[in-house]
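Residue-level structure breakdown
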Amino acid sequence: MLIVMQPNATRPQIDAVCARISELGGTPRECTVADGLVIAVCGGVEPIGLQRLGRLEGVAQCLPVARSCKLVDRAARPEGTVVTVRGWPIGDGGLALIAGPCAVESKDQIFRVAEFVSECGVRFLRGGAYKPRSSPYAFQGLKEQGLRLLEAVGREFDLRIVTEVKDVQTLSAVAQAADVLQVGARNMQNFALLEAVGRLRKPVLLKRGMGATLNELYMAAEYVLSRGNLEVVLCERGIRTFETATRYTLDLSAVVLMKHDTHLPVVADPSHAVGIAWAVPPLVRAAVVAGADGVMVEVHPDPSRALSDGQQALTFDEFASLARDVRSLADWRARPADPRVAPGADHRCPEALAAR
Ligand code: PEP
Ligand code: MN
């Protein structure tokens, strides 16, 4: 709901509207627009009471807008959430490196990658056992066998395993092997899966759908949090735009906005976004400086032989040099303003604000 104030509305009239919103259980957010002031109503508010806001003095119009998400909003936890995965944090101000192959292909492959990335200081190993592929004829992953390999390699190198869960049917099997359950871009609005991972007490890496707005991503995260699982990490992995030179378009604005709008840790995945190995390192650096709490990077011992996404995988040498220099960039990171220090300093269009 948006409350558009009359251009000549006085401060006491504005304060009275805000007070009434709070009385109804909502949170008012003031937003200055070209010809006046709009107050966005955030949080769950009794709708009948809201309609009556139109009768208050100084109000020009009440506009219904999309439902807001309460639990992911930064206001719910201004200090930010740290997701700790068996002792290793994401969102604590450090930089989490999540690296590994697109898919687990063999024992030799996953052990070689794991050993190498752990020598580079990586604590989170990624690798799909159940692969969502555009083509039904493409390699679909080693499935159960892949999960067993991930368990073994995680133990061997003391790595935290990030692996994708494709559906509700395989969730309990994947959850046994995974330290972090990845919900992929194609499943971002699989509400049954979101509810199911929400009922577990295991960290979730929620990837933004390639055609999803940020509000849709926030709502997807809200599904998980509202079922009681508060350990969600958001991931920007590229969106579909008119540009065809890259696989998708890495939306760095999203990294900045997600840190601002929500209290959840944010990870960027330039590998899937750009889809070109040589373009990954500069985008990793850019994402870190933009405020990402972590980055996900695909690495393969021989990208020319990878069964999926070889075009975007870094070689060991490429990854080693990236891992060496990227940590120092974390000091340059943009930090979101603390809403307790800078309340209401948000000049986005009112529709975008109110939809939150
Ligand atoms: C992946 O990380 O392996 C993957 C399939 O990513 P996305 O869901 O972002 O396409
Ligand atoms: Mn991949």
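One structure accompanies this document, and this report is about it. (Residues numbered from 1 in each chain as written. Chains lettered and ligands numbered in written order. Predicted model: local features only at pLDDT ≥ 70, side-chain atom pairs only at ≥ 80, totals over all residues. Heavy atoms only, no water.)

What follows is about helix H10 (residues 280-290). Along H10, the residues that are buried comprise Val 280, Pro 281, Val 284, Ala 287, Val 288 and Ala 290. In this structure, the buried residues of H10 make contact with helix H8 (252-261), strand E13 (266-268), helix H9 (270-274), strand E14 (294-298) and helix H11 (316-329). Just past H10, the residue Gly 291 takes up positive phi, approximately 125°. (Buried < 20%, exposed > 50% of the residue type's maximum accessible area, 1.4 Å probe, protein only. Helix = DSSP H or I, 4+ residues; strand = E, 2+ residues; numbered from the N terminus. Contact = heavy atoms within 4.5 Å.)

The next point concerns the coordination of the manganese ion (ligand 2). Here the manganese ion (ligand 2) is held by Cys 102 (SG), His 272 (NE2), Glu 298 (OE) and Asp 309 (OD), and the distances to it run 2.0 to 2.3 Å. Sequence positions of the residues that donate to the manganese ion (ligand 2) give the spacing C-x169-H-x25-E-x10-D. On the criterion of sequence distance, the pair formed by Cys 102 in the loop between strand E7 (96-100) and helix H3 (107-119) and Asp 309 in the loop between E14 and H11 is long-range, its members being 207 residues apart. With relative accessibility at 5%, the residue Cys 102 sits in the buried group. A relative accessible area of 13% means that Asp 309 is categorised as buried. (Donors = N, O, S within 2.8 Å, 3.2 Å for Na, K, Ca; no water.)

We now examine the site of ligand 1. Near ligand 1, the surroundings consist of Arg 126, Lys 131, Glu 164, Gln 182, Gly 184, Ala 185, Arg 186, Lys 207, Arg 237 and His 272. One nitrogen or oxygen atom from the side chain of Arg 186 is found 2.8 Å from an oxygen atom belonging to ligand 1. Among the residues forming the shell around ligand 1, the class breakdown is one nonpolar, three polar and six charged. (Near = heavy atom within 4 Å. Polar contact = N/O pair within 3.5 Å; in protein donor to acceptor, adjacent residues only side chain to side chain. Nonpolar A, V, L, I, M, F, W, Y, C, P; charged D, E, K, R; others polar.)

For the rest of this paragraph, the subject is unusual backbone geometry. Residue Arg 86 is not a glycine yet carries a positive backbone phi of 40°. By the secondary structure assignment, Arg 86 is in the loop between strand E5 (83-85) and strand E6 (88-90).

Right, let's get into the packing of H8 against H10. Contact geometry for H8 and H10: axes closest at 9 Å, N-to-C directions at 25°. The orientation of H8 relative to H10 falls into the category roughly parallel. The handedness of the crossing between H8 and H10 is right-handed. Of the residues in H10, those in contact with Leu 252, Val 255 and Val 256 of H8 are Ala 286, Ala 287 and Ala 290. Looking at the contact of H8 with H10, its residues break down into six nonpolar, no polar and no charged. (Axes fitted to C-alpha atoms, helices over the stretch in contact; angles between N-to-C directions. Parallel < 35°, antiparallel > 145°, perpendicular 65-115°, else oblique. Left-handed = near helix turned anticlockwise from the far one by under 90°.)

For a regular strand, side-chain orientation follows a simple rule: the groups alternate between the two sheet faces. Residues Leu 2 and Val 4 point to one face of strand E1 (residues 2-5) and Ile 3 and Met 5 to the other, with burial holding for every one of them. Looking at chain direction, E1 and strand E4 (residues 59-63) are connected through four bridges and run antiparallel. Bridging across to E4, Met 5 finds its partner in Val 59. Pairing analysis gives three bridges linking E1 to strand E3 (residues 36-42), with the strands arranged antiparallel. Considered in E3, the bridge of Leu 2 is made with Ala 40. (Pairing = 2+ DSSP bridges.)

Moving on to the pattern of salt bridges. Counted under the stated rule, the structure contains 16 salt bridges. Of the charged contacts, one joins Asp 158 and Arg 160 as a salt bridge, the two residues approaching to 3.0 Å between their closest N and O atoms. Of the charged contacts, one joins Asp 325 and Arg 285 as a salt bridge, the two residues approaching to 3.1 Å between their closest N and O atoms. Residue Asp 325 is found in helix H11, and its partner Arg 285 is found in helix H10; the two are separated by 40 residues along the sequence. Owing to a relative accessible area of 30%, Asp 325 belongs among the partly exposed residues under this scheme. On the basis of relative accessible area, Arg 285 is assigned to the partly exposed category, the value being 28%. One network of salt bridges, in which partners are shared, links Glu 144, Arg 148 and Glu 151. (Salt bridge = Lys/Arg side-chain N within 4 Å of Asp/Glu carboxyl O.)

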